[in-house]
Amino acid sequence: MSELSGKIQTVLGIIEPGELGITLPHEHIVCDGSAWFVEPEEATEKEMSRRPVCLENLWWIRYNWFKNRDDLVTTDEDQAVWELEHFKRAGGCSVVEMSNHGLARDPLSLARVSRATGLNVVMGSGYYLAVSLPPGFENKSQKEITAEIVRDIQEGVPGSGGIKAGFIGEIGTSWPLDPREEKSLRAAAQAQKITGANLNVHPGQAEVSAFRAVEILEEEGADLTRTTMDHIDRAVRDKENRLKLAEKGLILEYDLFGREGYYPQEQRLIDLPTDHQRINEIVELMEAGYEKQILISSDIWNKHQRRTYGGWGYDHILRNVVPAMRAKGLTEEQITTLLVENPRRVFTFV
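Throughout what follows, the structure given in this document is the object of discussion. Since the model is a prediction, treat every value here as computed from it, not as a measurement. (Residues numbered from 1 in each chain as written. Predicted model: local features only at pLDDT ≥ 70, side-chain atom pairs only at ≥ 80, totals over all residues. Heavy atoms only, no water.)

### Re empty space enclosed by the protein
So, step 1. This model, assessed by the stated rule, comprises one cavity of 30 Å³ or more.
So, step 2. In this structure, the largest cavity encloses a volume near 160 Å³.
So, step 3. Together, 16 residues line the largest cavity, and W36, Y128, H202, D299 and W301 are the ones closest to its centre.
So, step 4. Of the residues contributing to the lining of the largest cavity, the split by class is seven nonpolar, five polar and four charged. (1 Å grid on protein atoms, 1.4 Å probe; cavity = no way out; pocket = protein on both sides within 12 Å on 5 of 7 lines; lining within 4 Å. Points joined across faces, edges and corners; volume = space filled by probe spheres on them. Nonpolar A, V, L, I, M, F, W, Y, C, P; charged D, E, K, R; others polar.)

Dropping the structure here:
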């Protein structure tokens with residue numbers, strides 16, 4: 001792994017950390033999230049669930065996440081390019097693509113999008129949630145899964161012409177934790193030790209889920225300072241728990257910017273914060289001394305989050321959130337730490 005040490009690996013090859021620039025560290029460019037689909041029971045809602053996303057049903061989709069099949073599939077490459085160009089024009093340089101096994105990872109498409117936009121695209125490796133695992137996964141050993149991840153990073157994804165992953169994740173965990181997800185997480189921890197890559201964990205929707213994942217990682221000898229805990233803004237809502245995770249050295253990722261205050265009750269009864277509340281919590285972490293352990297992103301993976309369908313788009317953080325941060329007193333240095341310095345350090349191989 002000496003070739004990668006001190007470097008960042010994109011779908012178009014190795015770059016210097018200084019080339020990463022302003023980065024969205026948790027997004028989906030081409031993705032199929034159909035595993036999240038929840039079939040409605042009522043006849044009229046069944047009808048709504050089958051309609052393509054459009055202005056006429058956006059009011060329903062926004063309050064019925066996971067119930068419209070079309071909303072869960074973002075595989076139009078030309079549309080992805082158009083959407084990402086807004087981020088680039090706003091000053092963005094790089095996007096970290098979280099889709100792995102279970103979310104229809106597409107290395108060749110990501111390489112084409114990277115060339116078309118001029119953005120750096122960093123691709124992940126590993127397995128998502130149990131509900132999305134491919135047939136036969138239960139027959140794979142932990143060592144086999146580790147070897148797959150290492151291969152994706154060192155040699156490239158099979159059939160892609162050598163396109164390589166640049167981090168491990170997002171590794172899916174549910175709550176209660178599925179035994180297959182535990183095997184996947186343990187395998188990912190071993191791959192982190194071999195490659196020196198960042199490990200990204202998707203926690204289940206319960207306050208305790210992130211801590212169970214940490215226990216497993218510690219048992220496997222993972223480097224928690226090289227581990228990102230996703231979705232803090234929908235999974236770890238207790239301030240003391242956030243501080244406990246930060247004390248262990250984990251990187252805390254607020255990656256749902258743009259989602260304001262609502263989360264489907266079928267998934268969890270939860271008070272999802274607004275963007276302003278997210279900023280307030282980030283300030284709390286900064287004041288506690290954890291400024292270098294925070295990432296921010298939008299996790300855009302549904303159609304209705306995109307500009308094309310009336311959503312906020314990939315440039316939302318630069319267009320709307322950064323001005324709010326300035327208004328709340330964050331300095332330009334602190335904003336640069338969040339947008340540039342932290343992602344650069346996180347995705348640089350050690």
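### Notes on the pairing of strand β11 (residues 251-254)
So, step 1. Judged by which residues are buried, β11 turns out to be covered on both faces: I251 and E253 on one side and L252 and Y254 on the other are all buried.
So, step 2. Bridge analysis of strand β10 (residues 227-229) against β11 gives two bridges, and the strand direction is parallel. Paired with M229 across the two strands is L252, which belongs to β11.
So, step 3. Here β11 runs beside strand β12 (residues 294-296); their pairing, made up of three bridges, is parallel. From the neighbouring strand, L252 faces β12, where its bridge partner is I294. (Buried < 20%, exposed > 50% of the residue type's maximum accessible area, 1.4 Å probe, protein only. Helix = DSSP H or I, 4+ residues; strand = E, 2+ residues; numbered from the N terminus. Pairing = 2+ DSSP bridges.)

### Regarding helix α7 (residues 209-219)
So, step 1. Residues S209, A210, F211, A213, V214, I216 and L217 constitute the buried set of α7.
So, step 2. Structurally, α7 contributes buried residues whose contacts are with α6 (179-195), β9 (199-202), β10 and α9 (239-247).
So, step 3. The positive-phi residue at the C-terminal boundary of α7 is G221, with phi of around 80°. (Contact = heavy atoms within 4.5 Å.)

### A closer look at the packing of helix α3 (residues 77-89) against helix α4 (residues 107-117)
So, step 1. Between α3 and α4, the shortest axis-to-axis distance is 10 Å and the interhelical angle comes to 45°. Between α3 and α4, the angle is such that the two are oblique. Like other packed secondary-structure pairs, α3 and α4 cross with a definite hand, here right-handed. Residues E77, V81, L84, E85 and K88 of α3 lie in contact with α4, whose contacting residues are S109, R112, V113, A116 and T117.
So, step 2. Residues of the contact of α3 with α4, tallied by class, amount to four nonpolar, two polar and four charged. (Axes fitted to C-alpha atoms, helices over the stretch in contact; angles between N-to-C directions. Parallel < 35°, antiparallel > 145°, perpendicular 65-115°, else oblique. Left-handed = near helix turned anticlockwise from the far one by under 90°.)

### With respect to the packing of aromatic side chains
So, step 1. The final tally for this structure, using the stated rule, is seven aromatic pairs.
So, step 2. Pairing Y63 with Y262 gives two aromatic rings, centres 4.8 Å apart and planes at 55°, and the pair type is tilted. On the criterion of sequence distance, the pair formed by Y63 in the loop between α2 (58-61) and β5 (73-74) and Y262 in the loop between β11 and α10 (275-287) is long-range, its members being 199 residues apart.
So, step 3. Y63 sits in the exposed class, given a relative accessible area of 51%.
So, step 4. On the numbers, 5.6 Å between centres and 80° between planes, the contact of F167 with F347 is edge-to-face. (Phe/Tyr/Trp six-rings, centres within 6.5 Å; stacked < 30°, edge-to-face > 60°.)

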